[in-house]
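Geometric and topological summary
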Amino acid sequence: MSAMLEDERDDAIRMIRDSAAGIAPRGGDRKRIRALRFQSPGFDPAVWRQMGEQGWIGLRVPEEQGGAGLGMGAFCALAEELGAALAPEPLVHGALSARLLAEAGATGPLERLVAGEALVLTAWQERAGSFDVPGTPEAPRLFLPMADGAQSFLVPLRQGEGFSLILQPAEGADLTLEPTQDGGSFGTLRPRGGETVGTLSAAQMEAALEEAALGTAALLLGVMDQAFAMTLDYLRTRQQFGKPIGSFQALQHRAADLKVQIALGRASVESAAMLCDRADAPAAQRRAAIARAKARAADAALLVTRQAIQLHGGIGYTDEADIGLYLRRAMVLANQFGTAALHRRRFAAAQPEVEA
Amino acid sequence: MSAMLEDERDDAIRMIRDSAAGIAPRGGDRKRIRALRFQSPGFDPAVWRQMGEQGWIGLRVPEEQGGAGLGMGAFCALAEELGAALAPEPLVHGALSARLLAEAGATGPLERLVAGEALVLTAWQERAGSFDVPGTPEAPRLFLPMADGAQSFLVPLRQGEGFSLILQPAEGADLTLEPTQDGGSFGTLRPRGGETVGTLSAAQMEAALEEAALGTAALLLGVMDQAFAMTLDYLRTRQQFGKPIGSFQALQHRAADLKVQIALGRASVESAAMLCDRADAPAAQRRAAIARAKARAADAALLVTRQAIQLHGGIGYTDEADIGLYLRRAMVLANQFGTAALHRRRFAAAQPEVEA
Amino acid sequence: MTDYNAMTDEDFRAEVRRFVESEYPAHLRNPPHRLHWQEGEEWFRIVQKKGWVAPGWPQELGGMGLDASKQIILIEEYERYGVARLPDHGVIMLGPLLIRFGTEAQRARFLPRILAGEDIWCQGYSEPGAGSDLASLRTEAVLEGDHYVVNGQKIWTTLATDANWIFCLVRTDKSGKKQEGISFLLIDMKSPGVTVRPIINLGLHDEFCEVFFDNVQVPRENLVGEPNKGWSMAKALLGFERIFLGSPRQSAYALSRLRMLAERMGVYDEPEFQERYTKLRCDLEDHKALYETFVAVLRRGEPLGADVSMLKLHQSDLFQRITELMLEIGGENAGLLKPMEGNRDLHPSGQFIEARPTTIYGGSSEIQRGILAKAVLELPG
Amino acid sequence: MTDYNAMTDEDFRAEVRRFVESEYPAHLRNPPHRLHWQEGEEWFRIVQKKGWVAPGWPQELGGMGLDASKQIILIEEYERYGVARLPDHGVIMLGPLLIRFGTEAQRARFLPRILAGEDIWCQGYSEPGAGSDLASLRTEAVLEGDHYVVNGQKIWTTLATDANWIFCLVRTDKSGKKQEGISFLLIDMKSPGVTVRPIINLGLHDEFCEVFFDNVQVPRENLVGEPNKGWSMAKALLGFERIFLGSPRQSAYALSRLRMLAERMGVYDEPEFQERYTKLRCDLEDHKALYETFVAVLRRGEPLGADVSMLKLHQSDLFQRITELMLEIGGENAGLLKPMEGNRDLHPSGQFIEARPTTIYGGSSEIQRGILAKAVLELPG
């Protein structure tokens, strides 16, 4: 990437972070989060529309198709901010559907989705902890987040080497819901009916899921980063034995180790995003970088949020302490779009051996 | 075991520890260790004879065969003391040979061995990191410790389901030596000639190797226990930033974690020894307990001795600091008679699932 | 009265096992959270009928009179069978304290009501400003005539909503060192000025409470022992019960559920899983061996040393690591609020959350490490 | 003179690569320990002929005049090819200090001799009583007429046996805070009263030394900068070189050897090994990504912050973990003193021992965590 393009990219990232702060401020608005959790549909459709207005849902969709045409650097920056803010709106899932609809040329549904007028969820998953898309016609589709807020489902059906995409309206769908730890829900859809809106190759499908995995890694980065910031605040202020507990060396050293993990997570996510934004990066290299980033983000986010609870002591174990919201979000996100173990196996398969 | 038998066992263990202190004092005599290392044969034949006189080499050999007829509790206590003292004399290996000779009824060589007049090494191993005895006639036998101090080698040859035992004199043997990190050596023997002194079943062979594995675990327990004691002394006295470094909380907590690992190691070794001394314990249960103890001792000893170096700081990285001798001994012992990974697989195979 | 101590260990163990296997309500086995009194009262009545409410109390006071060794067997068998813990602070904490430090009148008044299940006690030690640093507590009791007037707040009071009495450490003297000037007071929770507010925990259960005292009048005779000696009394009672914070039960239970989950997720036979699972199994077995060495101390009739902290430190760590692996292998199911497929045994997120506080309560892992470093390893400062 | 900074990064990288690939002595690639001067002099002469002895010095003083970005490329290519580090304290530490704080006379006297390989310098900072707590050093220099008289002892002096000069931090004033009263002194090691004693390290190599000063006379003009300002001068020079303590090189090299060992031991394809190996590979790649973010700071011409401590902390930990796995899979071979089968690439115990001091030297991991906690995370106390 040339220096000029790099500068443009950095500007886009800065702008997107600034605009995120307006709708989903990092530290603030946890009252909103609490009000929405364990309610249906678990997010605020008005905020979803705002996100559409900001161009976030179609951030990665080419401008000529009504999107913002921005890169993964910008998308990850946005996802990080939303993760830090605990925003329950399913941006990564919506963006996945937008990308698939755009690639399939399904203009109508795409327009409504990227405008935030509708939520379209891609019903690709048939097995827990999986990352492949069998596309079995009758198979139940699992783990659809906030499915009771969706207007339609995008169901890939295997067709030869690729997929045909079925758009099934949510109305009348056979959908069951289970609550999730973060106050949202996972829906199980038994696909039925709907209309074909286009076709996709297997490679297109995989690349789209990889982007969703990287977006999820960025969400996790935001979650851990903010949880850590809150924990540092607590360490600086909470007194025990006549001193702020952050002055105790054992806790200082633990905080330092967590900081290293967060820094590695950030470097991993951002370098993977950078690679995605380089037109000339080989697919295997991109796949390896994304796999590494998702694995790191999942493990680090769970580590950091667990330790955040521990460092908060008793208060961290109460539901009224906000720090617990971060642990719960990490628990839900960590295994979405592939577990850490699965992604490490993908990394090993994709990445040629180190030279030394 | 009845209370009376238990008391007797405890007495034997106490006595053996006391007598060990005479020949191989825990903290002392590292001058002797340094004088012997990287020399041939790496141990002191006079001390070996003393060990024989104390009845240590034949500790597990029945009294009617000239041994002390003591249990694994006593043997492990002895091995622990010798580990703590870094005694280079290959007691566990000698005791293995003694047990095999006794079971095969090879009275003559057994007598000289248990008296400490000779060192007999069992040449069972044909592959690194293994615990099985193929008994291949021509195969080189590996990792014979202090082999240049041995008078003869006991070579098991596969015979049907069991083994015939060949006693091959060291004189004229095809033996090559490689120095080891702890100042001793590993010999490779290409077996040739010798006379058959008896036969053994596969089960006898395996049980004997298991005892040697447990004895090695006890050696490792002594190594880590003493390394930790020396490290605590250092933490109490070494000053930095105007305070003893042991007053720094991060180091205190690390020391506490190491203590837990040592305590688990001790509990694991001693409970396995106790099980060996219970006539009614099923073989699978004994095997599982020994496997667990060896795996724990290997991992914990490497952890503790590594951390001992770290906690000693720069001085710990010098050869003149005695703490390094403990790391080197742990490096050599950790993988002897089965690696931690191998023993955990043995544990999994032997131990029925937990009930809960 | 049966002299249980005269029985052999084996006979007594068999007796306990028969009892729980025949009488313990199946639906209460291994509950996912601490039972409220109402949820567990059914079992209490069975235990009461058997005369086994207070294993450690002397027989003449209505207890079983068990020595430490037999008490451990009892608890081991309860744990093995998954018997739930009832609100038991009266039996375990207050009873022994009254027996040792109380007056005849206090014993006569309070002990029978505990045995009868009429008084449910909770324990008021922790305060918002005094978590790990318990001695810095500030709830104040000022003697005015025949009454103490109590003001302040307790927190982490287990199942206070179920209790009608609370025993508290309160500050009665602010001069001197902070461990001094603390007294032990029994407070009727129906007294005016006592307010209980349940705290919803991370498991969304209301096990803990805050208890507020606003000018609560407490009769002077509810003071146990001498004034300003509460701290040392409470510490003296930290007896062999400390071993139970290090009991292998939680980890053993969790490990069995890890296995079920691994089988359900189809990863049980994968070598990567087997390696990690076997390590955890070895940890558990070694933990049991370590636990046994402390049980042996009690069997010999000796007191536990500070090194018992190792047990709690390791068991809580192990329990957490087991549940972390559950989360890893559970895939998206690890994000579910409720058990998978309605099967209580398949609940990775629930077990994971349940494991979180074990490194915080009962002396956090940081506190345990500090105890080990100073009292056991004799490190300076 | 070539203006290297005017070259594109790619061209310069290619130039360096050509240079090492065509001229670096093959037998010196990836040596298992720091080379003594005599062992590496052959390479020094090649570099000298090329005019590349001092990459960071200005061209007018005989250096290459490289900016930070180009220096990093040079070092990356050296590391990639396994180029050994020579005794280079004169070039890396003393040179920049003299250029910034020395007198014209000092520069004229010392710099050319460094470039010519006539003076080999070593660094006298650490002392037996001042390891992590460097500021508490006690080697004393008392001004008597035109000479300082130096008494005391330095330790961990890398390759002091090879050096003919040593630059030292010495105490010239005992009043005031311990960071004050320290001066920077250049000492000819042939002066009477200087004794060097090699320290054999855990790898049985004599890389480190003790240096003793017994009434050593040092001309007053050998003081660099102002008296009592040595500490701040030395700290000011802790520049971008700090990044190299966190270079991924050691870990990358070790990981490649781990693979070779695993293949030799027949465990490479086992899923248990693959899982752990892949984790380490991911750690390395993530480390490289993190390292690149610091390189980018330097490329932008900005100074490194205290957060660069993260790099050293993680790289040393990763290096150690890689070598610990080597030890585990090496079986009994992990106990051998020398490489397996005479193959330097198969030496688990050697690599394991080589990794030990990386968490101790150059600011121990404990010191790095303290820096991060205070200077980066802004934790109190």
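Residues numbered from 1 in each chain as written. Chains lettered and ligands numbered in written order. Predicted model: local features only at pLDDT ≥ 70, side-chain atom pairs only at ≥ 80, totals over all residues. Heavy atoms only, no water.

So, the overall build of chain A
Heads up, the rule is: Each helix corresponds to a stretch of at least 4 residues labelled H or I by DSSP, and each strand to a stretch of at least 2 residues labelled E; elements are numbered beginning at the N terminus. Throughout, exposure labels follow a simple rule: accessible area from a 1.4 Å probe, protein chains only, divided by the maximum for the residue type, with under 20% read as buried, over 50% as exposed, and the rest as partly exposed. Note on contacts: a residue pair is in contact if any heavy atoms of the two residues lie within 4.5 Å. Here, Shrake-Rupley sampling with a 1.4 Å probe gives the accessible areas, and only protein chains in the shown set may cover a residue. His residues and chain termini do not enter the charge count, which takes Lys and Arg as positive and Asp and Glu as negative. Where a charge lies is defined by one atom per residue type: Lys uses NZ, Arg uses CZ, Asp uses CG and Glu uses CD.
If you tally the helices and strands in chain A, you get eleven helices and nine strands. Reported as C-alpha extents along the three principal axes, the dimensions of chain A are approximately 65 × 50 × 35 Å. Within the span of chain A, comprising 356 residues, buried residues form 63% of the whole. A separation threshold of at least 6 residues defines the contact pool for chain A, and within that pool the share at least 24 residues apart is 72%. Per element, the accessible surface of chain A, about 12400 Å² overall, is 51% carbon and sulfur. Of the charged side chains in chain A, 36 are positive and 42 negative, and the gap between their average positions amounts to 7 Å.

Observations regarding the overall build of chain C
Scanning chain C from N- to C-terminus turns up eleven helices and eight strands. Out of the 381 residues in chain C, the part that is buried amounts to 56%. Taking the intrachain contacts of chain C between residues at least 6 apart in sequence as the baseline, contacts between residues at least 24 apart amount to 72%. In the form shown here, chain C has an accessible surface area of approximately 14900 Å², with 51% of it arising from carbon and sulfur atoms. Within chain C, one finds 44 positive and 55 negative side-chain charges whose respective centroids are separated by 1 Å.

Side note on the sheet that holds strand β6 (residues 185–190) of chain B
All names here are of chain B. The criterion, for reference: Strands are treated as partners if at least two bridges between them are detected by DSSP. Think of each axis as a best-fit line through the C-alpha atoms, taken over the contacting stretch in the case of a helix, with angles from 0 to 180 degrees between the N-to-C directions.
Spatially, β2-β6-β5 is the arrangement adopted by the three strands of the open sheet, whose pairing is antiparallel. Looking at the sheet topology across the chains shown, the edges are occupied by β2 (141–145) and β5 (174–179). Averaged over all pairs of adjacent strands, the angle between their axes in this sheet comes to 30°, without regard to strand direction. Here β2 pairs with β6 via three bridges, running antiparallel.

Here's the deal with the packing of aromatic side chains
Residue and element names in this part refer to chain C. For the record, the criterion: Working definition: rings of Phe, Tyr and Trp (its six-membered ring) pair if their centres are within 6.5 Å, and the pair is stacked with planes under 30 degrees apart, edge-to-face with planes over 60 apart, and tilted otherwise.
With the rule as written, the count across this model stands at 50 aromatic pairs over all chains. Between Trp-121 and Phe-167, the aromatic rings sit 6.2 Å apart at their centres with planes inclined by 40°, giving tilted as the arrangement. Residue Trp-121 is located in strand β1 (residues 121–124), and its partner Phe-167 is located in strand β4 (residues 165–171); the two are separated by 46 residues in the primary sequence. For Trp-121, a relative accessible area of 2% corresponds to the buried category. Seen in terms of ring centroids, Phe-273 and Tyr-277 are 5.4 Å apart; in terms of plane orientation they differ by 15°. Their pairing is stacked. Placement of the pair is Phe-273 and Tyr-277 together in helix α8 (residues 271–299), with a separation of four residues, close to one helical turn. Each member of the pair, Phe-273 as well as Tyr-277, carries the same accessibility label: buried.

Some details on the interface of chain A and chain C
Which entries qualify depends on this criterion: Throughout, buried area stands for the accessible area (probe radius 1.4 Å) lost by two parts on being put together, summed over both. Each salt bridge in this description consists of a side-chain nitrogen of Lys or Arg and a carboxyl oxygen of Asp or Glu lying within 4 Å of one another. Pairs of N or O atoms within 3.5 Å make up the polar contacts considered here, provided that, within protein, one atom can donate a hydrogen while the other can accept it, and that residues adjacent in sequence are counted only when both atoms are side-chain atoms. Throughout this entry, Asp, Glu, Lys and Arg are counted as charged residues, while Ala, Val, Leu, Ile, Met, Phe, Trp, Tyr, Cys and Pro are counted as nonpolar. The remaining residues, Gly among them, count as polar.
Contact with chain A, which involves 39 residues of that partner, is made by 45 residues of chain C. Buried area between chain A and chain C, both sides added, is near 3400 Å², and the carbon and sulfur share of it is 58%. Sorting the residues of chain A by area buried against chain C places Gln-310, Tyr-317 and Met-331 of chain A first, and these three jointly supply 21% of that buried surface. For Glu-320 of chain A, the salt bridge is made with Arg-197 of chain C, and the minimal N-O distance between the two is 3.3 Å. Inspection of the region where chain A meets chain C yields 17 residue pairs in polar contact (both at pLDDT 80 or more). Secondary-structure elements contributing two or more residues to the side of chain A that touches chain C are β5 (174–179), β8 (239–240), α8 (249–276), α9 (283–312) and α10 (323–333) of chain A. Per element, the largest residue contribution to the side of chain A that touches chain C is five residues, and it comes from α10 of chain A. Looking at side-chain class alone, the side of chain A that touches chain C contains 15 nonpolar, 16 polar and eight charged residues.

A word on the UniProt feature "domain: Acyl-CoA dehydrogenase/oxidase C-terminal" (unreviewed entry) in chain A
Put simply, the test is: UniProt positions are given in the numbering used here, feature names are shortened, and annotations may be inferred rather than shown by experiment.
Within the UniProt annotation, "domain: Acyl-CoA dehydrogenase/oxidase C-terminal" (unreviewed entry) is assigned to residues 205–349 of chain A. Secondary structure content for residues 205–349 of chain A is 77% helix and 3% strand, while the C-alpha to C-alpha distance between its ends is 19 Å.

Thoughts on the sheet that holds strand β4 (residues 162–169) of chain A
Residue and element names in this part refer to chain A. Within the open sheet, the four strands sit side by side as β1-β3-β4-β7. Their pairing is mixed. Every interior strand has two partners, whereas the edge strands, β1 (120–122) and β7 (195–200), have only one. Between one strand and the next, the sheet's axes are offset by a mean angle of 30°, whatever the strand orientation. Across eight bridges, strand β3 (residues 152–159) lies against β4 in antiparallel orientation. The partner of Leu-154 across the bridge, within β4, is Leu-167. Docked against the sheet, helix α5 (residues 91–104) engages β1, β3, β4 and β7, running at close to 85° with respect to β1.

A few points about the UniProt feature "domain: Acyl-CoA dehydrogenase/oxidase N-terminal" (unreviewed entry) in chain C
When the UniProt feature table is mapped onto this chain, "domain: Acyl-CoA dehydrogenase/oxidase N-terminal" (unreviewed entry) is found at residues 9–118 of chain C. Across residues 9–118 of chain C one finds 62% helix and 0% strand; the C-alpha atoms that close the span lie 32 Å apart.

Observations regarding the interface of chain D and chain C
Counting from both sides, the interface comprises four residues of chain D and, opposite them, four residues of chain C. Sorting the residues of chain D by area buried against chain C places Pro-271, Glu-272 and Glu-275 of chain D first, and these three jointly supply 77% of that buried surface. Run the count over chain D and chain C and you get one salt bridge. A salt bridge links Glu-275 of chain D to Arg-276 of chain C; the shortest N-O distance between them is 4.0 Å. Joining chain D to chain C, the criterion identifies zero residue pairs in polar contact (both at pLDDT 80 or more).

So, a nonpolar patch on the surface
Basically, it comes down to this: A patch consists of residues exposed above 30% relative accessible area that lack any salt bridge, with like charges linked at up to 9 Å and nonpolar side chains (Val, Leu, Ile, Met, Phe, Trp, Tyr) linked at up to 5 Å.
On the surface, Phe-38 of chain A together with Ile-200 and Leu-204 of chain C cluster together into a nonpolar patch covering about 210 Å² of accessible area. Inspection of the secondary structure assignment puts Ile-200 of chain C in the loop between β6 (194–199) and β7 (208–219).

Some details on the pattern of salt bridges
If you walk through the whole model with that rule in mind, you get 135 salt bridges over all chains. Of the charged contacts, one joins Arg-287 of chain A and Glu-206 of chain A as a salt bridge, the two residues approaching to 3.5 Å between their closest N and O atoms. Of this pair, Arg-287 of chain A sits in helix α9 while Glu-206 of chain A sits in helix α7 (residues 202–237), placing them 81 residues apart in sequence. Assessed through its relative accessible area of 27%, Glu-206 of chain A is described here as partly exposed. A salt bridge links Asp-299 of chain B to Arg-344 of chain B, with the shortest nitrogen-to-oxygen separation between them at 2.9 Å. Placement of Asp-299 of chain B in helix α9 (residues 283–312) and of Arg-344 of chain B in helix α11 (residues 340–350) is noted, with a sequence separation of 45 residues between them. Taking relative accessible area as the criterion, Arg-344 of chain B reaches 8% and is therefore assigned buried. Overlapping salt bridges, with partners in common, bring together Arg-17, Arg-26, Glu-80, Glu-81, Asp-225, Arg-266 and Glu-270 of chain A in one network.

Some words on the domain arrangement of chain C
Residue and element names in this part refer to chain C. Selection criterion: Bear in mind that the domain bounds are from an automatic or database domain assignment.
What the domain assignment reports for chain C is domain 1 (4–86), domain 2 (121–230) and domain 3 (238–376). Once you take the C-alpha centre of each, domain 1 and domain 2 turn out to be 29 Å apart. At the junction of the two partners, domain 1 supplies six residues and domain 2 supplies seven residues. The junction of domain 1 with domain 2 conceals about 550 Å² of combined surface from both sides, 54% of it contributed by carbon and sulfur atoms. For the pair domain 1 and domain 2, the interface holds zero salt bridges. Our enumeration of links across domain 1 and domain 2 arrives at four residue pairs in polar contact (both at pLDDT 80 or more). When its residues are assigned to classes, the side of domain 1 that touches domain 2 shows two nonpolar, three polar and one charged.

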